[in-house]
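# Structure at a glance
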Amino acid sequence: DIQMTQTPSSMPASLGERVTISCRASQGISNYLNWYQQKPDGTIKPLIYYTSNLQSGVPSRFSGSGSGTDYSLTISSLEPEDFAMYYCQQYDSSPWTFGGGTKLELK
Amino acid sequence: QVKLQQSGAELVKPGASVKLSCKTSGYTFSTSYMSWFKQIPGQSIEWIGMIYAGDGGTGYNQKFKGKATLTVDTSSSTAYMDLSSLTTEDSAVYFCAREAWDVMDAWGQGASVTVSS
């Protein structure tokens, strides 16, 4: 199975701050990488698909990039509703696997 | 709009089975894929498997083969997951999600399963 390692596991940040979350795969995944947001009530929402494509309805302050084994999610200016958990997920090969998650916390 | 409504929380005894449901609306269920996931509170998400509603074809994470069985009822636009021979390690929140173009673009609210005697 492909292992996905997310860093950091938690990140204190302030409103308006620019933040970047990293995700490293144990082998190349050819950009087959999605990002999801999970709120404290458990609700899960897709943010980015195929490395850098914004899911419909997701604000443009979210962006994704990367290639090979290294990928990242950037939020350009944090809004109150952005404080949540974030997960990367690869779909290059079955089974689909997720990173360990990054908790974005208000500083 | 697309909605996935999961069944409620379950408290089951070790060794028992449970069947979770995921009722969908707002899209053509019969030509869609549905995936299921497991999340132990405080931990990450695991993919259990997927099913194509068109023909019931399935694909499973090897880890969950023999544990989970995915089915669909196209007449009611509902997906199901049977979990068998439950142990305390199966206590978790289980999610269904529609898979479209390799992204899970709509998720159920999650269903908690607690295995306890």
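Please refer to the structure higher up on the page.
Keep in mind it's a predicted model, so treat the numbers as computed, not measured.

Reading the values: rules and limits
- Residues numbered from 1 in each chain as written.
- Chains lettered and ligands numbered in written order.
- Predicted model: local features only at pLDDT ≥ 70, side-chain atom pairs only at ≥ 80, totals over all residues.
- Heavy atoms only, no water.
- Helix = DSSP H or I, 4+ residues; strand = E, 2+ residues; numbered from the N terminus.
- Rg over C-alpha atoms; globule rule 2.2 N^0.38 Å.
- Contact = heavy atoms within 4.5 Å.
- Areas by Shrake-Rupley, 256 points an atom, 1.4 Å probe, with all protein chains shown as cover.
- Core = buried A, V, L, I, M, F, W, Y, C linked by side-chain atoms within 4.5 Å.
- Buried < 20%, exposed > 50% of the residue type's maximum accessible area, 1.4 Å probe, protein only.
- Buried area = accessible area lost by both parts, 1.4 Å probe.
- Salt bridge = Lys/Arg side-chain N within 4 Å of Asp/Glu carboxyl O.
- Pairing = 2+ DSSP bridges.
- Disulfide = S-S within 2.5 Å.
- Axes fitted to C-alpha atoms, helices over the stretch in contact; angles between N-to-C directions.
- Phe/Tyr/Trp six-rings, centres within 6.5 Å; stacked < 30°, edge-to-face > 60°.

## Structural notes on the overall build of chain A
Of the regular secondary structure elements, chain A holds 0 helices and 11 strands. For chain A, the sequential pattern of α-helices and β-strands runs β-β-β-β-β-β-β-β-β-β-β. Scaling as 2.2 N^0.38, a compact globule of 107 residues should have a C-alpha radius of gyration of about 13 Å, and chain A matches this with 13 Å. Judged by the C-alpha coordinates and their principal axes, chain A covers about 35 × 25 × 25 Å. Sequence separation of 24 or more characterises 56% of the internal contacts of chain A that already satisfy a separation of 6 or more. Total accessible area on chain A stands at roughly 4800 Å², and carbon and sulfur atoms take up 46% of it.

## Quick look at the nonpolar core
When a protein is soluble and globular, its nonpolar side chains tend to lie buried together. Within the largest apolar cluster, 26 residues are counted, with the highest numbers of intra-cluster contacts made by Leu 20, Met 34, Trp 36, Met 81, Leu 83 and Tyr 94 of chain B. When residues of this core are traced back to their parent elements, those giving at least two are strand S3 (18-25), strand S4 (33-39), strand S5 (45-52), strand S7 (68-73), strand S8 (78-83), strand S9 (92-100) and strand S11 (111-115) of chain B. Setting aside residues no more than four positions away along its own chain, Leu 20 of chain B makes contact with Ser 7, Glu 10, Trp 36, Ala 79, Tyr 80, Met 81, Leu 83, Tyr 94 and Val 113 of chain B. Core analysis: the next-biggest nonpolar cluster, separate from the first, contains 24 residues, Met 11, Ile 29, Tyr 71 and Cys 88 of chain A among them.

## A closer look at the interface of chain A and chain B
Taken together, the contacts link 17 residues of chain A with 15 residues of chain B. For the pair chain A and chain B, the summed buried surface comes to about 1400 Å²; carbon and sulfur atoms form 62% of the total. When the buried surface of chain A facing chain B is broken down by residue, Ile 44, Trp 96 and Phe 98 of chain A rank first, second and third, together holding 41% of it. Along the contact surface separating chain A from chain B lie 0 salt bridges.

## Thoughts on the pairing of S8 of chain B
All names here are of chain B. When S3 meets S8, the two strands line up antiparallel, connected through 6 bridges. Counterpart to Val 18 in the pairing with S8 is Leu 83. Here S7 pairs with S8 via 6 bridges, running antiparallel. In the sheet register, Ala 68 faces S8, and the bridge partner there is Leu 83. Here S7 folds back onto S8, and the loop between the two strands holds 4 residues, one of which, Ser 77, carries a positive phi near 55°.

## A few points about the state of the cysteines
All names here are of chain A. Applying the stated criterion across every chain, the model contains 2 disulfides over all chains. What pairs with Cys 23 in a disulfide is Cys 88, and their sulfur atoms sit 2.0 Å apart. On the sign convention where negative is left-handed, the bridge of Cys 23 and Cys 88, at about 70° about the S-S bond, is right-handed. Taken together, the residues Cys 23 in strand S3 (residues 19-25) and Cys 88 in strand S9 (residues 85-90) connect sequence positions 65 residues apart.

## Digging into the sheet that holds S3 of chain B
All names here are of chain B. Taken together, 4 strands build an open sheet; the order of strands is S1-S3-S8-S7 and the sheet is antiparallel. Where the open sheet ends on each side, the last strands, each with one partner, are strand S1 (3-6) and S7. Strand after strand, the sheet turns through a mean of 20° between neighbouring axes, direction not considered.

## Concerning the pairing of S5 of chain B
All names here are of chain B. The buried count for S5 comes to 6 of 8 residues, which makes it a mostly enclosed element. In terms of strand pairing, S4 meets S5 through 7 bridges, oriented antiparallel. Counted as the bridge partner of Trp 36 is Gly 49 from S5. Connecting S4 to the antiparallel partner S5 that follows it, the hairpin turn spans 5 residues, and Gly 42 within it adopts a positive phi of roughly 85°.

## Observations concerning unusual backbone geometry
Residue and element names in this part refer to chain A. Following Thr 7, the chain continues into Pro 8 via a peptide bond in cis, with omega recorded as -10°. Looking at the element boundaries, Pro 8 is found in the loop between strand S1 (4-7) and strand S2 (10-13). Cis geometry is found at the peptide bond from Ser 94 to Pro 95, where omega equals 5°. Inspection of the secondary structure assignment puts Pro 95 in the loop between S9 and strand S10 (97-98). Phi is positive for Asn 31, close to 70°, though the residue is something other than glycine.

## As for the packing of aromatic side chains
Under the defined criterion, the tally for this structure stands at 10 aromatic pairs over all chains. Arranged with centres 6.1 Å apart and planes meeting at 45°, the rings of Tyr 36 of chain A and Phe 98 of chain A form a pair that is tilted. Separated by 62 residues along the polypeptide, Tyr 36 of chain A in strand S4 (residues 33-38) and Phe 98 of chain A in strand S10 bring together distant segments of the chain. Taking 6.0 Å as the distance between ring centres and 80° as the angle between the ring planes, the aromatic pair formed by Phe 95 of chain B and Trp 107 of chain B counts as edge-to-face. Taken together, the positions of Phe 95 of chain B in strand S9 and Trp 107 of chain B in strand S10 (residues 103-107) put the pair 12 residues apart, joining distant regions of the chain. We classify Phe 95 of chain B as buried; its relative accessible area is 1%. Assessed through its relative accessible area of 10%, Trp 107 of chain B is described here as buried.

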